[in-house]
Amino acid sequence: MPTFDYAPAPESRSIVDIQPSYGLFIGGEMVDPVDGTVFKTVNPATEEVLTEVVAAGPEDVDRAVAAARHAYDAVWAAMPGAQRAKFLYRIARLVQERSRELAVLESIDNGKPIRESRDVDLPLVAAHFFYYAGWADKLGHAGFGAAPQPLGVAGQVIPWNFPLLMLAWKIAPALACGNTVVLKPAETTPLTALAFADICRQADLPPGVVNIVTGAGETGQALVSHGGVDKVAFTGSTEVGRAIARAIAGSRKKLTLELGGKAANVIFDDAPIDQAVEGIVNGIFFNQGHVCCAGSRLLVQESIADDVLDRLKRRLGTLRLGDPLDKNTDIGAINSPQQLEKIRMLSDVGSEEGAERWSAPCELPDRGWWFPPTVFTGVTQAHRIAREEVFGPVLSVLTFRTPAEAIEKANNTPYGLSAGVWTDKGSRILWMAQRLRAGVVWANTFNRFDPTSPFGGYKESGYGREGGRHGLEAYLDV
Ligand code: TAP
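About the criteria used
Residues numbered from 1 in each chain as written. Predicted model: local features only at pLDDT ≥ 70, side-chain atom pairs only at ≥ 80, totals over all residues. Heavy atoms only, no water. Near = heavy atom within 4 Å. Polar contact = N/O pair within 3.5 Å; in protein donor to acceptor, adjacent residues only side chain to side chain. Areas by Shrake-Rupley, 256 points an atom, 1.4 Å probe, with all protein chains shown as cover. Helix = DSSP H or I, 4+ residues; strand = E, 2+ residues; numbered from the N terminus. Buried < 20%, exposed > 50% of the residue type's maximum accessible area, 1.4 Å probe, protein only. Contact = heavy atoms within 4.5 Å. 1 Å grid on protein atoms, 1.4 Å probe; cavity = no way out; pocket = protein on both sides within 12 Å on 5 of 7 lines; lining within 4 Å. Points joined across faces, edges and corners; volume = space filled by probe spheres on them. Nonpolar A, V, L, I, M, F, W, Y, C, P; charged D, E, K, R; others polar. Pairing = 2+ DSSP bridges. Right-handed = clockwise from strand over helix to strand, strands pointing away. Salt bridge = Lys/Arg side-chain N within 4 Å of Asp/Glu carboxyl O. Expected span 1.5 Å × (residues − 1). Axes fitted to C-alpha atoms, helices over the stretch in contact; angles between N-to-C directions. Core = buried A, V, L, I, M, F, W, Y, C linked by side-chain atoms within 4.5 Å.

Re the site of the ligand
Around the ligand sit 27 residues in total, of which Ile 158, Glu 187, Ser 237, Leu 259 and Glu 389 are the nearest. Within the backbone of Glu 187, a nitrogen or oxygen atom sits 2.6 Å from an oxygen atom of the ligand. Take Gln 221: an N or O atom from its main chain is 3.5 Å from a nitrogen atom of the ligand. Out of a free accessible area of 900 Å², the ligand has 88% covered by protein chains.

Spelled out as C-alpha cells, the structure:
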C-alpha cells in the first residue's frame, strides 16, 4: 500500500472547447446531415453528456465518398509526393501544437488517464504523421516498384480504445501514398476525430482529401460497402472484421483487417523480476486493458510463480484508479456500459469455471463506469478467460515448466497479434521469437509502439500490416 496519499493534480479542462453539437466533415466543411440522425456522446468517468454528434446515413456517406473521389481525381493523386509531404508535416506540427487540448479531449471522451493520452497517444499521433510525411516523396524506393500508384478512395473504420492514434495509423499512410479518405470513428469516441477535421482545415488540406463521418455500426457498414470505395481499412473486433470481409467479398476492394488479440506475456525464471512485474502491469493494465495487443495471458515459469504473483499484487495495490484528468491516475474509466458489462460477464464466468479471482483493493467512484485491476490464478487453457478477449483490466495467469510448454500454451489461441518474452538470455529470446505465432514479439518490454515498426496479426487477429514501410503496401496498387 502507498505510504502517503497523493493530492489531486487535475489537468484543466478549460483548454478544450466542446461545441453543443457537431456536423459531418465533408468536402472540407462541417455540414449538416442529409439523412443522418443525432446522438449524444458521454464522458465515461462522469456520465456527463458532452455534446451531440451525427449518426451519418447512407446519403451522407455517399456525399463523403463523392467528395473524396473528387479530391482524388482533381488534386491529390496527381500532386507530387513532396507536396503531399508538406501537408502531412503541417498536420504533424499542428497536432504537436494542439497536443494538450487533444489529450484532454481524448481523456474526457474515452476515459483514459491523461498521463497516457498526453505521454503515449499524442506523441505517437504526431510521430505517425511525421514518419509518413517522410515517405510521401520516396514511394519509388519503398520496394513496391519504381512508381507505385495509389488505390483511390479509402473507407476507414476505427475503434474507441485509441481514437486519435487509430485515426493517425489509418490516415497518415493513406494520404502519403496519394489516396483520399472517408473515416468513421467509433460511436463512443468521435470528438478527437472531429477536432482533427479542424486541424485539416488549419493545415489548408485540399477539401475532400479527408472526410469524417461519425455514427455507429450502420454508418460503418454503409461506408465499407459503398461502391465508390476502393480500399477498406478496418480496426476492431474479429466478429465485425469477419462481417466486413463477407460484405466486400467478390468486389475489387482491397482490404486490411486489424482485429482482436489474446497475447501471452511469458516470464522465465531468469527474468529480472521487478522489471517483469512492471511489464506485466503495463501489458494488461495500460489503457484499462482496452488494448488489442494487451498481455492478457500471463505465462509464468512455475518455479517463480508465487514470487511473481506476490510482487504483482503488491504493485497493483499501489495503482490509482479514478478521475482520468488527474495526472496521478493510473487506471481510468471503462469506455462504455456495454464494455463494462462484457468485462463483468467474462470475469463472472472465470469465477464460475473455477479460477481464483483477486482484485486490487481500490474504491470505485460512484458515477461513471469502472472496473478494478483483476487477476485470475489457477486458470487452465480451457477457461473462457484464457481464450476470449476480455478487453478490460483482467489478467489470466497460467504456469509452464519448459520453453516448449510455454510456446505450446502461448500459441494455443485463435489470435496472433503480439507476445512478450522476459528472460536474461538473448538466445532464448530469439528461440522464442522464431516460434511464437504473433505479429509483434516484445523482449523484456511490452506495449511499445513506433511508427517505423510494422504492426499486425496472424490468424484471427487479421491481415495486413500498419506502420513502417510495410504499412505503405496497404495503400498502394501493388
Ligand atoms: P467493433 O465493435 O468491431 O467496432 C469497431 C468499429 O467498427 C467501430 O467504429 C464500430 O462502430 C464499427 N462497426 C460496427 N459494426 C460494423 C459493421 N457491421 N460494419 C462496419 N463497421 C462496423 O470493435 P470495438 O469494440 O470498437 O473495438 C474493440 C476491438 O477492436 C477489440 O476486439 C480489439 O482487439 C480490436 N482492436 C484491434 C486493434 C488492432 S491494431 N488489431 C486495435 C484496436 C482495437 P461503433 O462505434 O458504432 O460500434
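This is not the end of the story, as more comes after the structure.
Observations concerning the environment of Arg 387
With respect to the helices, strands and loops of the structure, Arg 387 is situated in helix 12 (residues 384-387). For Arg 387, a relative accessible area of 40% translates into the label partly exposed. Distance in space between the C-alpha atoms of Arg 387 and Ser 296 is 9.8 Å, their sequence separation being 91 residues. Excluding residues that lie within four positions of it along the chain, Arg 387 makes contacts with Lys 262, Gln 381, Ala 382 and Tyr 415. A distance of 3.1 Å separates the side chain of Arg 387 from the backbone oxygen of Ala 382, its partner in a polar contact.

Considerations on the layout of surface pockets
Reported here for the largest pocket is a volume of approximately 1,300 Å³. Along the wall of the largest pocket there are 48 residues; nearest its centre are Pro 159, Trp 160, Gly 236, Ser 237 and Val 240. When residues in the lining of the largest pocket are grouped by element, the largest group, six residues, is from helix 8 (residues 238-248). Partitioned by chemical class, the residues of the lining of the largest pocket number 24 nonpolar, 15 polar and nine charged. Contributing to the lining of the second largest pocket are 20 residues, with Tyr 6, Leu 319, Arg 320, Leu 321 and Gly 322 lying nearest its centre. Of the residues that constitute the lining of the second largest pocket, the class distribution is ten nonpolar, five polar and five charged.

Overview of the pairing of strand 10 (residues 264-267)
Both faces of strand 10 are covered, namely the face carrying Ala 264 and Val 266 and the face carrying Asn 265 and Ile 267. Pairing analysis gives four bridges linking strand 10 to strand 11 (residues 297-301), with the strands arranged parallel. Bridge assignment links Asn 265 to a residue of strand 11, and that residue is Leu 298. Read as a crossover between parallel neighbours, the route from strand 10 over helix 9 (residues 273-285) to strand 11 is right-handed.

Structural notes on the pattern of salt bridges
Scanning the model with the defined rule gives 24 salt bridges in all. A salt bridge links Arg 98 to Glu 101; its shortest N-O distance comes to 2.9 Å. Arg 98 gets classed as buried once you look at its relative accessible area, which sits at 14%. In the salt-bridge network here, residues are joined through shared partners; they are Arg 98, Glu 101, Asp 198 and Arg 201.

A look at helix 2 (residues 81-97)
Given a rise of 1.5 Å per residue, 17 residues ought to cover 24 Å, and the 24 Å separating the end C-alpha atoms of helix 2 matches this to within 8%. Along helix 2, the positions that sit buried rather than exposed are Gly 81, Arg 84, Ala 85, Phe 87, Leu 88, Ile 91, Ala 92, Leu 94 and Val 95. Along its buried surface, helix 2 packs onto helix 1 (58-76), helix 3 (99-110), helix 4 (114-135), helix 5 (163-176) and helix 6 (191-202).

A short note on unusual backbone geometry
Backbone geometry places Glu 47, a non-glycine residue, at a positive phi of 65°. With respect to the element layout, Glu 47 can be found in the loop between strand 3 (37-42) and strand 4 (49-55). The phi dihedral of Asn 447 is positive, around 55°, even though this residue is not glycine. For Asn 447, the location among the structural elements is in the loop between strand 16 (440-443) and strand 17 (462-463). A relative accessible area of 8% means that Asn 447 is categorised as buried.

Side note on the sheet that holds strand 10
Strand order in the open sheet formed by seven strands is 12-13-14-11-10-15-16, and the pairing between neighbours is mixed. In this open sheet, the two edge strands, each paired with only one partner strand, are strand 12 (356-359) and strand 16. Adjacent strand axes in the sheet meet at a mean angle of 20°, parallel and antiparallel pairs treated alike. Two strands pair when backbone bridges link them, and strand 13 (residues 374-377) and strand 14 (residues 394-400) are joined in this way by three bridges, in the parallel orientation. Residue Val 375 lies in a different strand from strand 14, and its bridge partner there is Leu 395. Lying on the sheet, helix 10 (residues 305-316) is in contact with strand 11, strand 12, strand 13 and strand 14; it crosses strand 13 at an angle near 165°.

Quick notes on the nonpolar core
Counting residues in each nonpolar core, the largest one holds 111 residues, and the members touching the most others are Phe 129, Leu 167 and Val 210. With eleven residues, helix 5 is the largest single contributor of residues to this core. Other than its neighbours up to four places away in sequence, Leu 167 contacts Phe 129, Ile 158, Ala 172, Leu 183, Ala 193, Phe 196 and Ile 212. With 27 residues, the next largest nonpolar core counts Leu 299, Trp 369, Phe 400 and Ala 438 among its residues.

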